[in-house]
Number of protein chains: 2
Amino acid sequence: MGALASFTCGAHGAKGGMGLELSAAYPGDVSIGYLDGENTLNLLPLFGDAQGSEAERYVEGAEGTTGKMRVLQDIKREYLWATDRISGPGVTFEIFTPTFSIPNPETATPTELAFASCPVVHASVTFKNTTDAPIRGIFALGIDHRWSSLGDRTNETIVGAMSQDQVGFATDTEGASCWMDFDPISAMNRKHSTPEFLLGPTAGLEIEVLPGEEKTIEITLGFFKAGSATYNRSMSYYYTQHFTNLSQVLEYGIASREDFMELVQFRDKELAAANLNDEQKFLIAHATRSYYGSTQWLWDGTKSVWVVNEGEYLMMNTFDLTVDMLFFEMRFNPWTVRNELEQFVDRYSFYDKVFDPKDPDTLYPGGISFTHDMGVMNHWSPAGRSSYEVGGLDRACFSHMTCEQLTNWVLCAGVYLAYTNDEDFLRRYRQTLIECFRSLQNRDNPDPAKRDGIMSFESSRTEGGGEITTYDSLDHSLGQSRRNIYLGGKMWASYVILEDLFQQSGLDDLSSEAQAAAKLAADTLTAGYDDTLGFIPAVLEEGNESAIIPAIEALAYPHVIGLTAATDSDGPYGEYIKTLKKHFKHVIDTRMCLYEDGGWKLSSSADNSWMSKIGLCQFVAREVLGFEFGEDQLKADTAHARWEREGSKLSACSDQFHSGIAKGSLYYPRIVTNILWLDEQK
Amino acid sequence: MGALASFTCGAHGAKGGMGLELSAAYPGDVSIGYLDGENTLNLLPLFGDAQGSEAERYVEGAEGTTGKMRVLQDIKREYLWATDRISGPGVTFEIFTPTFSIPNPETATPTELAFASCPVVHASVTFKNTTDAPIRGIFALGIDHRWSSLGDRTNETIVGAMSQDQVGFATDTEGASCWMDFDPISAMNRKHSTPEFLLGPTAGLEIEVLPGEEKTIEITLGFFKAGSATYNRSMSYYYTQHFTNLSQVLEYGIASREDFMELVQFRDKELAAANLNDEQKFLIAHATRSYYGSTQWLWDGTKSVWVVNEGEYLMMNTFDLTVDMLFFEMRFNPWTVRNELEQFVDRYSFYDKVFDPKDPDTLYPGGISFTHDMGVMNHWSPAGRSSYEVGGLDRACFSHMTCEQLTNWVLCAGVYLAYTNDEDFLRRYRQTLIECFRSLQNRDNPDPAKRDGIMSFESSRTEGGGEITTYDSLDHSLGQSRRNIYLGGKMWASYVILEDLFQQSGLDDLSSEAQAAAKLAADTLTAGYDDTLGFIPAVLEEGNESAIIPAIEALAYPHVIGLTAATDSDGPYGEYIKTLKKHFKHVIDTRMCLYEDGGWKLSSSADNSWMSKIGLCQFVAREVLGFEFGEDQLKADTAHARWEREGSKLSACSDQFHSGIAKGSLYYPRIVTNILWLDEQK
């Protein structure tokens, strides 16, 4: 957690391995299996040329070494919250990723912080020898570099290998030994007598298993990046505060394995016991790994800095992802939310002007807002600038997301404050909240008399263009910001939250004003309902007729905060809520927003559906709006799980799907919106 | 020099770019050219999909941006010692690599050392606008990462871009500006208004050139790797002693450009004036770049450590390359030779036993020798071990090279001492030389009575196997060590040198003994001559009938030292020299050791000829043995140059060629043996 490191494998016949700061699975070979008594190497299909056939075949290793190989068949996989178990005949490989709360680094003890930051993944391989000859069980990684033996770096019970002092693995299992060679075929059919052949890009662990025996190698995989890890603003990984090098990480990981495994058990049981179907549990388990693989817990010299990288794109703290991952972070690591919010205020906020798209040259007061992201691939952007946003584009990908990011700060702050009662935060950022309120209003209309609660004015940062929402790769139904009912919903939710926060702060006038703004927004959105269409069109201008599920998305915020009146059909925004129910019922019942396989289609006019937002909107539909889907629930969950398992099989957990195939936003952290399912009452 | 960094480009339609610690050209796109008045981007063919057609075509950039592009035709290239000039209609790109002597870091001033270690390559692009509309000249690099603007890191006259604080480029040319975008097509047909679009993997410089104008952008390319750069033994790049980061390197590079350019002029003129044909000059210029691209000048905390990496294989200080690059290093940087020799003694020497291959179990005293290399890909091997050598192999690739590396230490030390008169070195290592002598003799035969001067006993490190020579990928004609006349020649040369060094040291008995050993070797090799064959067969056992050019290779060492009597037909080894002349004349005259195209074939029985060894043996044949080749000289040189230019066009300068096509030992430093051609008297 926080190491921006991954050990990815599992797809049959695909590359995988350990890597740092990657935008995809490491393209190496994971070789796990055993050399049987007939000198055939039996391997799980976790490497690039693992063919489907179960036939034993002769394989050529590097430099002409040949040997027999068989790809094991009948592979089973159990994918629990913290245990990933891949098993074939005679061999079981387990990967343990014990997700747990990272303690607040400002208050936790060094012992707690070392444990939480330790950049390791635990694994084990169990070999069961049912033959009458000894077998040699192996675990090996092939990489695009070279290895060194752990040698005498660690205590003498440990063997293992490291590459570039950055990735490595070790075991203290008795009887295990370490080797390096070109590849497993060369190693298992070694013509020479030097186990650690340092020229080879493959390193492995090996253990002999006698007939009738079952043996387990317990493996710790470690990562390390020393020194400054980011550019323009120099920061190191937080774990470097507690560990000085990779061998120390491996040694610590091995020594504390039992503590890690207790957490594995706890987390596995927790999800298993949840009142969810297996597909839902799979999606939560999958999303959790992909989130943590993208996280970067940094140290700037005086304090922790939390960064979530944007999956394959590696943009840093993309704010429209932060707001979606908020629920997950609040459950496990609330301090990271405050951390992100403070970073946005301190360095990635700005003040702009706004304009009416009909008259781009006349600028009006805008206000504070926040950048789309903080940089890309460890390159921090200059203050006040994202890596993503450029000027001069009219509602096209890479335009500014100024209004949406403004709502995102308010929504995150509101949820953070509701969960934590962090009075210090509220005191420090009260003025920011007021500025956000004014800025939101100006993006509706700088003229108070002309406001209707949702966005109509564009940021001057677009230089005469038009803003977009997070849904940048969809059509205008979700991609255009102004007059959009998705973003309108987030403005409404922001006003609802501001009303509450201002009231808590004794700012009664502002609270009333925020309430009025929320009402205005709700009324406008309600009035947008089109009887003929049977739903609220996505964009309240120019005859748009797209139907979108995320019209309901923003109800999540007041709901999780406990502002239940706001989402009550009989509450102050009752008409709005009732209208959203009608809207949602229609777009589902008519299957406008469903795929053939029962999966959710966010927009009727775009074949591009995002798993993170589906998870969020499912929560809202069920938990806030009270929908029940009967058999269609499992059908949808099965479809979504299949999208990930098959449509994204080479990219771990992905977000964007075109008809069930992942395209874009691969290897992505955002899908943890589905953590909300664990909070559902029904 | 010493930065293990490269900027490689030139092959048409191939990838290229800047990179650190690479085993091949960086796989990016180099975009150099101009946007003409009709918005067509005219580019030199230095990027991956540069097609041969000169037709203007529409090209799609990332994210749907389209523009017109034309690949410039009629490209010319001048490839001088320090200037590489690639020109097409309207644009000339020059890369400057000012090779010069690196001063001895123990005695030079910080100013000299900063200049010598500064990790920059200079370049310039000249645009000539012969049209009647303004054009926009560009230089851009596309990489697999992201860029930051130099911004205000340097003085305000400088613009440029950096990635990961590791590679970057900058200019202070007036009127130049910097941009970032997905690719040049997107940048030149920008739909947005943000020149520095930080999400893009391409950064460029741009300058406007008005009709009739000619303008040059002067560009400095800089490299930097901070902190520890090597593993197992932590060392940093030497330049980090003088520069703290990349922007400082770029600024210094720009400020000292004139000084660099003076050296460029000097070096270009020096080679141009040499009494060599153009093909030979090309080969020297090409080899020089490839050597320096492989060099690593490190700092271990108290002293400089010189490493030459083995081209694509990145093995560190492979000793059988060191001995070939010796002549180049002695000419430019003699301190690096002492540095390497000391590293081998201090950490990569060992003592073994030897055995008769007929009785592998009986071990006899061996003696000191040295490992094949010191590690691979920045991973230092454990003391006394190479990354390459493994036990248990009988004269196969990756076996030990113990006897050959022993000769290599003696030969390097002898040449170093002869050129430098470094009395301190001789005093310190006199005992090592004596040990080397005894060790050489034991590899002949531990029983003095049975010695015949050449190797017959194998190292115990082979564990019953058999040693190989540097020619590891050839057949036994050159690959087998024992009884090999190539290695026999190196043993003879070692004894000749030891005789001289012992004499200088007043060790007369040892000197006489060494002389006797040399005589024994010369006699054995002479006696190996087979009248029927017309040459000395490559291996003096088991009826071998291969003819090899490198029988003459080792004459180079006594010759360059000035031990001219040793290589004189009328000298103490006159019969040996005369026999080698007969041998060589035969294998050339019969074309046994020539390819169809006139290129040299090192062994009659292997289609695998090494450019480094060809260059060395050409020197010996001409300068030591007095051969003249008439028209065949240019024919051979033309063939060899074509092998590099066409047969190795994607791999810069390579060593191993199979019928003119580079296969293995690509991107290699060793070809600088051809520096010896500059010393030829005729």
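Note that the structure is a prediction, hence the values are computed from the model and not measured. (Residues numbered from 1 in each chain as written. Chains lettered and ligands numbered in written order. Predicted model: local features only at pLDDT ≥ 70, side-chain atom pairs only at ≥ 80, totals over all residues.)

Draft legend 1. Structural view of the overall build of chain A. Counting its secondary structure elements, chain A contains 16 helices and 28 strands. For chain A, the C-alpha radius of gyration of 27 Å lies close to 26 Å, the compact-globule estimate for 682 residues. C-alpha atoms of chain A, sized along the principal axes, occupy 85 × 55 × 45 Å. Counting across all 682 residues of chain A, residues that qualify as buried make up 60%. Within chain A, contacts between residues separated by at least 24 positions form 68% of all contacts whose residues are at least 6 apart in sequence. (Helix = DSSP H or I, 4+ residues; strand = E, 2+ residues; numbered from the N terminus. Rg over C-alpha atoms; globule rule 2.2 N^0.38 Å. Buried ≥ 20, exposed ≤ 12 C-beta atoms within 10 Å, placed from the backbone. Contact = placed C-beta atoms within 7 Å.)

Draft legend 2. Molecular detail of the domain arrangement of chain A. All names here are of chain A. Domain assignment breaks chain A into domain 1 (5–268) and domain 2 (274–679). Each of domain 1 and domain 2 has a C-alpha centre, and the two are 39 Å apart. With 29 residues of domain 1 at the contact, the number on the domain 2 side is 28 residues. Only strand 1 (5–8) and strand 18 (236–237) provide two or more residues apiece to the side of domain 1 that touches domain 2. Here the side of domain 1 that touches domain 2 is built from residues that sort into 14 nonpolar, 13 polar and two charged. (Domains from an automatic or database assignment. Nonpolar A, V, L, I, M, F, W, Y, C, P; charged D, E, K, R; others polar.)

Draft legend 3. View of the relation of the copies chain B and chain A. Once chain B is rotated about the relating axis by 180 degrees and shifted along it by 0.0 Å, it coincides with chain A to within an RMSD of 0.0 Å. On this basis, the relationship between the two copies can be described by a two-fold rotation axis. Among all C-alpha atoms of chain B, that of B:Gly227 lies closest to the rotation axis, at 3.8 Å. (Least-squares fit on C-alpha atoms with pLDDT ≥ 70 in both.)

Draft legend 4. Geometry of the pairing of strand 1 (residues 5–8) of chain B. Residue and element names in this part refer to chain B. Residues Ala5 and Phe7 line one face of strand 1 and the alternating positions Ser6 and Thr8 line the opposite face, and both faces are buried. Of the pairings in the sheet, the one linking strand 1 to strand 2 (residues 17–20) comprises four bridges and is antiparallel in character. Looking at strand 2, one finds that Thr8 is bridged to Gly17. (Pairing = 2+ DSSP bridges.)

Draft legend 5. Spatial organisation of unusual backbone geometry. Residue A:Ala652 is not a glycine yet carries a positive backbone phi of 55 degrees. Relative to the elements of secondary structure, A:Ala652 occurs in the loop between helix 16 (631–647) and strand 27 (656–658). The residue B:Arg395 is not glycine, and still its phi comes out positive at about 50 degrees. Looking at where B:Arg395 falls in the secondary structure, it is placed in the loop between strand 24 (379–380) and helix 8 (402–420). Judged by local crowding, B:Arg395 falls into the buried class, with 22 C-beta atoms found within 10 Å.

Draft legend 6. Structural detail: the interface of chain B and chain A. In this complex, chain B contributes 32 residues to the contact, which on the side of chain A involves 32 residues. Residue classes in the side of chain B that touches chain A are distributed as 13 nonpolar, 14 polar and five charged.

Draft legend 7. Structural context of the sheet that holds strand 28 (residues 661–662) of chain A. Residues and elements named next belong to chain A. The strand order across the open sheet formed by three strands is 26-27-28, and the pairing between neighbours is antiparallel. Looking at strand neighbours, the two that pair on one side only are strand 26 (609–610) and strand 28, the edges of this open sheet. The pairing of strand 26 with strand 27 spans two bridges and is classified as antiparallel. Within strand 27, the position partnered with Trp610 by the bridge is Gln656.

Draft legend 8. The packing of helix 8 (residues 402–420) of chain A against helix 11 (residues 485–504) of chain A, seen in detail. Residue and element names in this part refer to chain A. It is at 9 Å that the axes of helix 8 and helix 11 come closest, and there the two elements cross at 40 degrees. As far as their axial angle goes, helix 11 and helix 8 are oblique. Here helix 8 and helix 11 pass one another in a crossing that is left-handed. Residue-level contacts link Cys403, Glu404, Thr407, Val410, Leu411, Gly414 and Leu417 of helix 8 to Leu487, Lys490, Met491, Ala493, Ser494, Ile497, Leu498 and Leu501 of helix 11. The class makeup of the residues in the contact of helix 8 with helix 11 is 10 nonpolar, three polar and two charged. (Axes fitted to C-alpha atoms, helices over the stretch in contact; angles between N-to-C directions. Parallel < 35°, antiparallel > 145°, perpendicular 65-115°, else oblique. Left-handed = near helix turned anticlockwise from the far one by under 90°.)

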